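Listed here are the chains, written in short residue letters.
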Amino acid sequence: MSGFMAFVSALIVLVVLIAGGLTFRAKRRRRDPLAAEHHAELKVARKGLREAEKARNDAIRNAQRSLRSAERAHAKQVRQAQSALSEVTNPDGKRIGSYGGVKLHELAVHTPNGRGDLIGASATVDTAGNLVLSKRPTLTRMAAGGLLLGPLGALGSLAFQKTKKHDARELYLLIETPDLASVVKCPADEGLKARSFAAKINTAAKQAEAIAAARPGQIQEARKTLASAEADTAAVESARAELAQVEGDTVLSEHVEVAQARLLALEAARPSGQLALPAPATDDGPAKSGDASP
């Protein structure tokens, strides 16, 4: 315990001595006008150096920010052109909509039973009984291939008995393409939604042939747009040149160098403001600090 108290006492004495020394230096500067003036000049010189360095750093940062902005804009332009090219080269075309696991594109439709070309395709929403009456050949082929399950599978089979009763509220979406046919069961309360999607398929099927015919020209145009976007680096090059100019700006650099030199000179100076330079050399050799003038 005594050792701890001795340590605390020594620490207090050290703090008092440091505080006293700082107070003494402050009072000495107040008593010595030359020391106070020198201190003020140092303060101004340090501030000048900070401002010169800040001006140069700010200019460089602004130029770097402009370069990054130009690079981002160029990259975005290229990405958009790449996306447009990818869209027109996609054999399915742009996606239009989806319902019940069916995805509709401009040139194709993806169903639970596979992909089918949209040219020549059609879609119908109806009850099971009405579909059997209007689409029996299609349903029979699907049932024979094992593509129909459940009640509609029974309806589509050749063994179906017309006198058998079924729920008239059950709705089905039947999609027919030159490549395949697919049936999707629809919830009873989604009749309007299912019929709207079927109408969208039929509309897209009518437009698919014209879209397919226009694709080669669109692909060629998209490739030109991408090449132009990739080559359009003028803004990036201009921003890069501006950054190089700022980094090599001699005026900004000279301001920093002058401010540094002034601060160094003041820090090396005596409180009187004179620099602590060595005495000039004579023919008899270097002058000593104690030599008197002849």
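Structure's up top.
First, a word on what this report is: a plain description of the structure on this page.

Rules used in this analysis
- Residues numbered from 1 in each chain as written.
- Predicted model: local features only at pLDDT ≥ 70, side-chain atom pairs only at ≥ 80, totals over all residues.
- Heavy atoms only, no water.
- Helix = DSSP H or I, 4+ residues; strand = E, 2+ residues; numbered from the N terminus.
- Buried < 20%, exposed > 50% of the residue type's maximum accessible area, 1.4 Å probe, protein only.
- Contact = heavy atoms within 4.5 Å.
- Areas by Shrake-Rupley, 256 points an atom, 1.4 Å probe, with all protein chains shown as cover.
- Pairing = 2+ DSSP bridges.
- Axes fitted to C-alpha atoms, helices over the stretch in contact; angles between N-to-C directions.
- Expected span 1.5 Å × (residues − 1).
- Arc of directions from axis to C-beta.

Quick look at the overall build of the protein chain now. Counting its regular elements, the protein chain contains seven helices and seven strands. The order of helices and strands in the protein chain, counted from the N terminus, is α-α-β-β-β-β-β-α-α-β-β-α-α-α. Counting every position in the protein chain, which comprises 294 residues, the buried fraction comes to 29%. Expressed as a percentage of contacts within the protein chain between residues at least 6 apart in sequence, the contacts between residues at least 24 apart total 67%. Here the protein chain has roughly 19300 Å² of accessible surface; of this, 57% comes from carbon and sulfur atoms.

In this section: the environment of Gly 100. For Gly 100, the location among the structural elements is in the loop between strand E1 (95–99) and strand E2 (102–105). Taking the C-alpha atoms as reference, Gly 100 lies 9.6 Å from Pro 187; in sequence the two are 87 residues apart.

So, about the sheet that holds strand E5 (residues 122–127). The sheet built from three strands is open, its strands ordered E5-E6-E7 with antiparallel pairing. Single-partner strands in this sheet number two, and they are E5 and strand E7 (181–186). Here the strands of the sheet are splayed against their neighbours by 20° on average, with no regard to which way each runs. By the bridge criterion, six bridges tie E5 to strand E6 (residues 171–176) in an arrangement that is antiparallel.

A separate point is helix H6 (residues 234–247). The end-to-end C-alpha distance of H6 is 20 Å, a good match for the 20 Å that 14 residues give at a rise of 1.5 Å each. Restricting attention to buried positions, one finds in H6 the residues Val 236, Ala 239, Leu 243 and Val 246. One side of H6 holds all its buried residues, which, seen down the axis, span an arc of 90°. Relative to its buried face, H6 has exposed residues pointing more than 90 degrees away, namely Ala 234 and Gln 245. Buried residues along H6 sit against helix H2 (33–89) and helix H7 (250–268).

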